[in-house]
Amino acid sequence: PLGLDSVGRLKLIGWFCQYTAANLEMNPRVSVVVWDPLKDTGYQLIGAMEEMKEVAMLDGYAARIEKAHPLPQVERVIHLRMDKILGFEKRPHIDVEV
């Protein structure tokens, strides 16, 4: 789930891959697209990560069903500060306001 507050901050909650978390720690710049493919309209939100918190962890929860993983699954909350909100369509576009 996601939600944009009144001052341009976005909160993402999910079971993000550990590589996504590592990439964000090295480079906090982000672009998030929210798009309705049936109407071909949406928004591209451009900004940076302000904070990332681990809120839950699964490690061997369903050992009989799931394959063994070297790292546990981690649910994270990622707080983003959005600097730009642009219109988004599938057709070719540019990342600047016109």
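Residues numbered from 1 in each chain as written. Predicted model: local features only at pLDDT ≥ 70, side-chain atom pairs only at ≥ 80, totals over all residues. Heavy atoms only, no water.

Draft legend 1. Structural detail: the overall build of the protein. For the protein, the helix and strand inventory stands at 1 helix and 5 strands. Per-residue burial for the protein yields a buried fraction of 26% across its 98 residues. Taking as baseline every contact in the protein between residues at least 6 positions apart, the subset at least 24 positions apart corresponds to 63%. Carbon together with sulfur atoms contributes 56% to the accessible area of the protein, which is approximately 7,500 Å² in total. (Helix = DSSP H or I, 4+ residues; strand = E, 2+ residues; numbered from the N terminus. Buried < 20%, exposed > 50% of the residue type's maximum accessible area, 1.4 Å probe, protein only. Contact = heavy atoms within 4.5 Å. Areas by Shrake-Rupley, 256 points an atom, 1.4 Å probe, with all protein chains shown as cover.)

Draft legend 2. Up close: the packing of aromatic side chains. For the structure shown, the criterion picks out 1 aromatic pair. Ring geometry for W35 and F88: centres 6.3 Å apart, planes at 80°, overall edge-to-face. A residue pair is termed long-range when its members are at least 10 positions apart, and W35 in strand β3 (residues 29-36) and F88 in strand β5 (residues 73-88) qualify at 53 residues. A residue is classified by how much of its surface remains accessible, and W35, at 35% relative accessible area, is partly exposed. You can call F88 buried: its relative accessible area is 16%. (Phe/Tyr/Trp six-rings, centres within 6.5 Å; stacked < 30°, edge-to-face > 60°.)

Draft legend 3. Summary view of the side chain of Q44. Among the structural elements, Q44 can be located in strand β4 (residues 41-58). For Q44, a relative accessible area of 6% translates into the label buried.

Draft legend 4. Region of the structure containing unusual backbone geometry. Of note, the phi angle at D40 is positive, near 50°, even though the residue is not glycine. Position of D40 among the secondary structure elements: in the loop between β3 and β4.

Draft legend 5. Broad picture of the pairing of β5. Summarising the sheet, strand β2 (residues 9-14) and β5 pair through 6 bridges and their orientation is antiparallel. Note that in β5 the partner of L12 across the bridge is I78. Examined bridge by bridge, β4 and β5 share 15 bridges and lie antiparallel to one another. Each bridged residue has a counterpart across the sheet, and for M49 the counterpart in β5 is L80. (Pairing = 2+ DSSP bridges.)

Draft legend 6. Molecular detail of the side chain of R76. Structurally, R76 can be placed in strand β5. Among the polar contacts listed, one links the side chain of R76 to the backbone oxygen of F16, at a separation of 3.2 Å. Residues in contact with R76, not counting those within four places in the same chain, are L12, I13, G14, F16, C17, A21, M52, K53, E54 and V55. (Polar contact = N/O pair within 3.5 Å; in protein donor to acceptor, adjacent residues only side chain to side chain.)

Draft legend 7. Region of interest: the nonpolar core. L10, L12, A21, L24, V30, V32, L45, M49, M52, I78, L80 and M82 form the largest nonpolar core, which has 12 residues in total. Sorting the residues of this core by element identifies β2, α1 (18-26), β3, β4 and β5 as the ones contributing at least two each. (Core = buried A, V, L, I, M, F, W, Y, C linked by side-chain atoms within 4.5 Å.)

Draft legend 8. Inspection of the environment of W15 at higher detail. Mapping W15 onto the fold places it in the loop between β2 and α1. Note: C-alpha distance between W15 and E54 (39 residues apart in sequence) is 9.6 Å. If we skip the residues at most four places from it in the chain, W15 touches A56, L58, Q73, V74 and E75.

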